[in-house]
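Per-entry structural report
Listed below are the residues making up each chain.
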Amino acid sequence: MYTQKVIDRFTNPKNVGQIKGANGVGTVGNAACGDIMKVYIKVEDNIITDAKFKTFGCAAAISSTDVAMDLIKDKTIDQALRVTNKDVINELGELPTQKIHCSILAQEAIGAAVADYQKRLAKEEAKRKKDNN
Amino acid sequence: MQKIYLDNASTTNVSNEILTEMLPALGQNFGNPNSMHSFGREAMTLVDLARDRIAAGINAERGEIYFTSGGTEANNWALIGLALANKSKGNHIITSKIEHHSVLDACKKLETLGFEVTYLPVDETGLVDIAELIHCIGQKTILVSVMAANNEIGTIQNLKTIAKIAHEKNVLFHTDAVQAIGSFKIDVQDLDIDCMTISGHKIHAPKGVGCLYVRKGIKIDPYIVGGNQEKGKRGGTLNVASIVGFGKAVETTVRDYAANNKKLKMLRDYFVARVTQEIPHIKVNGHHAQKLPGLASISFNMIEGESLTLLLDMAGIAVSTGSACSSGSLEPSHVLMAIGLTPEVAQGTVRFSFGTNNSKEEIDFVVEELKKNVAKLRSMSPIRAPKKKA
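Conventions we followed
- Residues numbered from 1 in each chain as written.
- Chains lettered and ligands numbered in written order.
- Predicted model: local features only at pLDDT ≥ 70, side-chain atom pairs only at ≥ 80, totals over all residues.
- Heavy atoms only, no water.
- Contact = heavy atoms within 4.5 Å.
- Buried area = accessible area lost by both parts, 1.4 Å probe.
- Salt bridge = Lys/Arg side-chain N within 4 Å of Asp/Glu carboxyl O.
- Polar contact = N/O pair within 3.5 Å; in protein donor to acceptor, adjacent residues only side chain to side chain.
- Helix = DSSP H or I, 4+ residues; strand = E, 2+ residues; numbered from the N terminus.
- Nonpolar A, V, L, I, M, F, W, Y, C, P; charged D, E, K, R; others polar.
- Pairing = 2+ DSSP bridges.
- Axes fitted to C-alpha atoms, helices over the stretch in contact; angles between N-to-C directions.
- Buried < 20%, exposed > 50% of the residue type's maximum accessible area, 1.4 Å probe, protein only.
- pLDDT = per-residue confidence, 0-100.

Taken together, the contacts link 23 residues of chain A with 24 residues of chain B. Summing both sides of the interface, chain A and chain B together bury roughly 1,900 Å²; the carbon and sulfur share of this comes to 69%. Counting the surface chain A buries against chain B, the share from its top three residues, Phe 10, Lys 54 and Phe 56 of chain A, is 30%. Counting across the chain A and chain B interface gives 1 salt bridge. Lys 99 of chain A serves as the salt-bridge partner of Glu 306 of chain B, at 2.6 Å between the closest nitrogen and oxygen. Run the count over chain A and chain B and you get 9 residue pairs in polar contact (both at pLDDT 80 or more). The set of elements that each furnish at least two residues to the side of chain A that touches chain B consists of α1 (4-11), β2 (35-44), β3 (47-56) and α2 (59-72) of chain A. Considered class by class, the residues forming the side of chain A that touches chain B number 14 nonpolar, 6 polar and 3 charged.

All names here are of chain A. Overall, antiparallel pairing links the 3 strands, which are arranged β1-β2-β3 in an open sheet. Edge strands, defined here as strands with exactly one partner in the open sheet, are β1 (24-30) and β3. Within this sheet the neighbouring strands show an average axis-to-axis angle of 15°, counted without direction. Of the pairings in the sheet, the one linking β2 to β3 comprises 9 bridges and is antiparallel in character. In the sheet register, Lys 42 faces β3, and the bridge partner there is Asp 50. α2 rests against β2 and β3 of the sheet, and its axis sits at about 175° to β3.

What follows deals with the side chain of Asn 76 of chain B. Residue and element names in this part refer to chain B. If you trace the backbone, Asn 76 turns up in helix α3 (residues 71-85). By relative accessible area, which is 17% here, Asn 76 ends up buried. Among the polar contacts made by the side chain of Asn 76, one reaches the main-chain carbonyl oxygen of Ser 102 at a distance of 2.9 Å. Setting aside chain neighbours within four positions, we find Asn 76 in contact with Gly 81, Ser 102, Ala 106 and Tyr 223.

When pLDDT is averaged along chain B, the result is 95; 97% of the residues meet or exceed 70. Our summary of model confidence lists the complex with pTM equal to 0.95 and ipTM equal to 0.94.

So, on to the sheet that holds strand β4 (residues 116-120) of chain B. Residues and elements named next belong to chain B. Pairing is mixed in the open sheet, where 7 strands are placed in the order β2-β8-β7-β6-β5-β3-β4. Two strands bound the open sheet, and with one partner strand each, they are β2 (65-68) and β4. Strand-to-strand twist of the sheet, defined as the mean angle between neighbouring strand axes without regard to direction, takes the value 20°. Pairing analysis gives 4 bridges linking β2 to strand β8 (residues 210-214), with the strands arranged antiparallel.

Written out as structure tokens, the structure is:
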């Protein structure tokens, strides 16, 4: 069912974990459909310097998130938001039809982490403006 | 790498004894049993012997056993055939929420044909709600179908009670005994069963054969039409070799069930005891006593079932899971949801079904692999262990 690349990423994921001091954290999915992905990013000067994940899900879900982290590391926020599920699938070789939704969820997980980062940024900016006044 | 098969609830190997019994039907006795000539008669003799063995195994008469292509066909036939044959008496059918899809989907089909179906709830151990059954059974009810033992969690129903309630209201009782045969004594007279499904490949016969027991005098419409086989009730050339294997399988299963059960229960209980003691945050599903002897359904919190199944497979261990990912749908097992598991816990459920070929040494290996892989997946999971209550 799975390519060797999926199996390798599943049995030896490189990017599992949390980031202390992460400035963007996003969670997508739900237990009802069997996939939850939590992504942590560290953004410095608009560049994602570190990205880690925790996933509850099948081999396709775990390998998709692992790949997604590699695809956004050392990228700008804009570049990260342009990563699609097709890029994830390309990296994995292929995914069975019924597992493609896992790669889509990984793309959404990136979006959620970035959105959280941007929300925190906006909050900090608002606070700075208030302190200056 | 050693291979350890713990998925006997899914299918079993054909035993040597049964394979030997089948060979003549694949060799010199190849005739079509419905042919008039000697080749046909020889083949029919083998079929008759199988039929007699199955009838004896469940305390039925030879004429009450009808061969099918397996449990799915027998279940479809029972529901649809009995409903259509008895529709002049009513249009209400009662079944349970935890039936196999071959019963549930047949019921869904009947609903499109104007029948009303009640799907009885079960409690957290998987037992059908008897009070609800009594409440729902009415003037228009023509059939109650409740499985003898559940394939995912192993719970065995109170068949005698259910049959009694059905018969008090002149309602037919069918049971899917695919998972149950060989695990406990099924005497259709004693249990007062009108119709029953059995399948071959769960009891070391080949895949592709089963039967429907239909009590004498009960009307059932044919489902597979197009031939005079099986007294005109089920068309199609008989699968002689598999039927021979099936007959022998029922005979040996009933002959050996006490010894087999003892071994299976010992293996299963040893496994469950070790897992319960050595792996935290788990739940054992099903009834604690009324349960198939060789089956263990265990939910591992905070992880997903398919990924655990795959890691075990890489270590040579075969099990199965009720997670959505593995079923192809987006929802977890309907059985696990019916017993009240949350979707998250249902997704992390794995079924271990032992066979008499398994050993304690194999179980020790499996437990070690489980501990290792459950810990690995938990370290990758975003779900936290519940905090201990003060």
